[in-house]
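If you want the building blocks of each chain, they are given just below.
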Amino acid sequence: MNNYLFLLSIFLGLSDDVISKSKIRSFPSDFWFGASTAAYQVEGGWNEDGKGSSIWDTACHSDLNPVRDDSNGDVAADSYHKYKRDAEIAQELGLNFYRFSISWPRILPNGFPDKINTLGVEYYTKVINELLARNVTPVVTLYHWDLPSNLQKLGGWANPSIVTWYTDYAKVVFDKFSDKVKHFITMNDPKGICFGGYGSENTAPFLNMSGIGEYLCSRNVLLAHANAYHLYDGHYRKLHNGTVGIALNFVWYEPASDTMDDNSAAVDARQFEWGQYAHPIFSKAGDYPTEFKKNIAYKSAEQGFARSRLNHLTAKDVTLIRGSADFLGVNTYTTKLAYRDASLEGMYTVPSYMDDMGAVLVKDPAWTQSQTNWLQEVPWGFSKLLIAIKNLYDNPPVYIMENGWSTEGGLLDEDRINYFRTYLNALLDALDAGCDVKGYSVWSLIDSFEWRQGYLDKYGLYEVDFSSPDKTRTPRKSAFIYKEIARSKTLDPDFEPEKFIVEVTQDSQEKLKIENDVL
Ligand SMILES: *[C@@H]1O[C@H](CO)[C@@H](O)[C@H](O)[C@H]1NC(C)=O
Ligand SMILES: *[C@@H]1O[C@H](CO)[C@@H](O)[C@H](O)[C@H]1NC(C)=O
């Protein structure tokens, strides 16, 4: 406490307690707290009970496994068998909701609805019942990157027929689960699907069809999403009164300087990263952002293509896609600086998404760095992002569907706690600025298979011991902190869990365990 506050507190007769309590900030009483996972990252059971193969099964089982630690999701956290423990964890944490995804090939092994895998449907029914029995609301993602391998043989998200394949799959999901599940997310992170899988070699199917594949995919993902939304809206909504949204990946791009050039570089970066998907759905005008379309058309002509590499959305597409969401799911982790560089020559592959964008994206070395190269703690970028969403898209209802911090592991995760606190504080700033943010979900409930990073990046509130046959889940210190935030719906920067004791237990694995009355 500084001298001024000390004198003031004597003068007002305030105790230290009251002074520090004044830093406590509150969330609205109906604000929702949750945690997220995805099927391939936690389930395992990759070929059990009739499940078909997904593009991640195919990639990880190939001779050229693209994963850094050469691992795969064959068993992962074994949630296929440990789902009761996961639901119990969600209850222990006092979560309002748990976001998980349905594996398309677990329900439809070949991708098509002619053969529905009853045991796959039973699995998700059990997961949903377990959550509801524990008073945790299930929020279900229909597609979190694990496309049936069969459909990839036919071109996957580059084939326009996938719009009907996906809609048929969505119908099966709605038919089977919408009596109990009230909140659906059609797609997780279209940029990850399209740029990651088709325009680069970041995610399955690793096509690397730079400057072409990501744009073919983009239109099909948007149309598939919109068709699923209208299917729900036209039939299931009157029966079950639920909501359907989409989760997009957001990075806040801040101009590196206040020049016009750097400002426009930042705007372009935002439009390519998320405007590409958010603008068609959430803006009043609909369609792709104008500058985004212009940049790609201009570069395509310059490069000798007969037409823009971006398939335009027809007037019918624009109408179908515009307004096709009850909420916007925001996945966001970090911020980057954007600038223009006249000597961009040779920096990016031609043609490519990055070359079309024409911006250079860097981190500020002063920012707190996680052990993951791309992830820095920049909370002011989070509030700027939320305010930009409010201004660009007429203040839509927003749920933060992913936000988190990676470590190499360990139960004492002060860095993660700090990240959650600074980001939730920034979220409260955005609420004060009038943003309609209704909920917040941590990535992740438990440690999981982190795609190309394998098991090297840990994001869980609960640690998973991947070497134990039981895949034992143990709460980290952040779990205790998050539990208190969710319980009290307040952010108290000084809160320390009373009964947080780290000790080596006597159990056979002699692993660290946190003992606590409640958790
Ligand atoms: C992906 O494409 C880029 C540009 O065409 C190329 O430099 C890179 O080597 C490719 N990667 C693979 C794994 O083929
Ligand atoms: C539908 O759900 C909303 C909350 O999402 C609620 O406000 C509304 O009253 C419900 N309508 C019906 C007809 O049940």
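On a predicted model such as this, the values are computed, not experimentally measured, just so you know.

## A look at the site of ligand 1
Okay, so step 1: Taken together, Glu 201, Asn 208 and Thr 349 make up the full set of residues adjacent to ligand 1.
Okay, so step 2: Measuring from a nitrogen atom of ligand 1, one finds a side-chain N or O atom of Glu 201 at 3.2 Å.
Okay, so step 3: The contact in question runs from an oxygen atom of ligand 1 to an N or O atom on the side chain of Asn 208, over 2.4 Å.
Okay, so step 4: Contact with the protein chains covers 36% of the free accessible surface of ligand 1, which is 360 Å².

## Describing the pairing of strand β5 (residues 183–188)
Okay, so step 1: The buried fraction of β5 amounts to six of the six residues, a majority that puts the element mostly inside the structure.
Okay, so step 2: Bridge count for strand β4 (residues 137–143) against β5 is four bridges, and the pairing is parallel. Across the sheet, Tyr 143 pairs through a bridge with Met 187, a residue of β5.
Okay, so step 3: Pairing of β5 with strand β6 (residues 243–255) involves four bridges; the strand directions are parallel. From the neighbouring strand, Ile 185 faces β6, where its bridge partner is Gly 245.

## Topic: the pattern of salt bridges
Okay, so step 1: Counting across every chain of the model gives 29 salt bridges.
Okay, so step 2: The salt bridge partner of Arg 25 is Asp 432, with a shortest N-O separation of 2.9 Å. On the criterion of sequence distance, the pair formed by Arg 25 in strand β1 (residues 25–26) and Asp 432 in helix α17 (residues 414–432) is long-range, its members being 407 residues apart.
Okay, so step 3: Overall, the relative accessible area of 63% leaves Asp 432 in the exposed class.
Okay, so step 4: With a shortest N-O distance of 3.0 Å, Asp 326 and Arg 237 are connected by a salt bridge. Placement of the pair is Asp 326 in the loop between α14 (315–321) and β7 (328–339) and Arg 237 in helix α11 (residues 213–240), with a sequence separation of 89 residues.
Okay, so step 5: A relative accessible area of 21% means that Arg 237 is categorised as partly exposed.
Okay, so step 6: Each member of the salt-bridge network shares a partner with another, and the members are Arg 25, Asp 429 and Asp 432.

## As for the state of the cysteines
Okay, so step 1: Counting across every chain of the model gives one disulfide.
Okay, so step 2: Between the sulfur atoms of Cys 194 and its disulfide partner Cys 217 the distance amounts to 2.0 Å. The chirality of the disulfide connecting Cys 194 with Cys 217 is left-handed, given an S-S dihedral of about -70°. Placement of the pair is Cys 194 in helix α10 (residues 190–199) and Cys 217 in helix α11, with a sequence separation of 23 residues. Both residues of the pair, Cys 194 and Cys 217, count as buried.

## Looking at the environment of Thr 141
Okay, so step 1: Residue placement: Thr 141 occurs in strand β4.
Okay, so step 2: Relative accessible area serves as the criterion here: at 0%, Thr 141 is assigned to the buried category.
Okay, so step 3: Separated by 38 residues in sequence, Thr 141 and Ser 103 place their C-alpha atoms 9.1 Å apart.
Okay, so step 4: In this view, Thr 141 contacts Arg 99, Phe 100, Ser 101, Ile 102, Ile 185, Met 187 and Asn 188; residues no more than four positions away in its chain are not counted.
Okay, so step 5: Here Arg 99 takes part through its side chain, which lies 3.0 Å from a polar atom of the side chain of Thr 141.

## Topic: the nonpolar core
Okay, so step 1: Grouped together as the largest cluster of nonpolar side chains are 151 residues, with contacts concentrated most on Phe 27, Trp 56, Trp 104, Trp 157, Tyr 166, Leu 427 and Tyr 440.
Okay, so step 2: Looking at which element gives the most residues to this core, the answer is α11, with 11 residues.

Parameters and conventions
Residues numbered from 1 in each chain as written. Chains lettered and ligands numbered in written order. Predicted model: local features only at pLDDT ≥ 70, side-chain atom pairs only at ≥ 80, totals over all residues. Heavy atoms only, no water. Near = heavy atom within 4 Å. Polar contact = N/O pair within 3.5 Å; in protein donor to acceptor, adjacent residues only side chain to side chain. Areas by Shrake-Rupley, 256 points an atom, 1.4 Å probe, with all protein chains shown as cover. Buried < 20%, exposed > 50% of the residue type's maximum accessible area, 1.4 Å probe, protein only. Helix = DSSP H or I, 4+ residues; strand = E, 2+ residues; numbered from the N terminus. Pairing = 2+ DSSP bridges. Salt bridge = Lys/Arg side-chain N within 4 Å of Asp/Glu carboxyl O. Disulfide = S-S within 2.5 Å. Contact = heavy atoms within 4.5 Å. Core = buried A, V, L, I, M, F, W, Y, C linked by side-chain atoms within 4.5 Å.

Everything listed is a geometric property; what it means functionally is a separate question.
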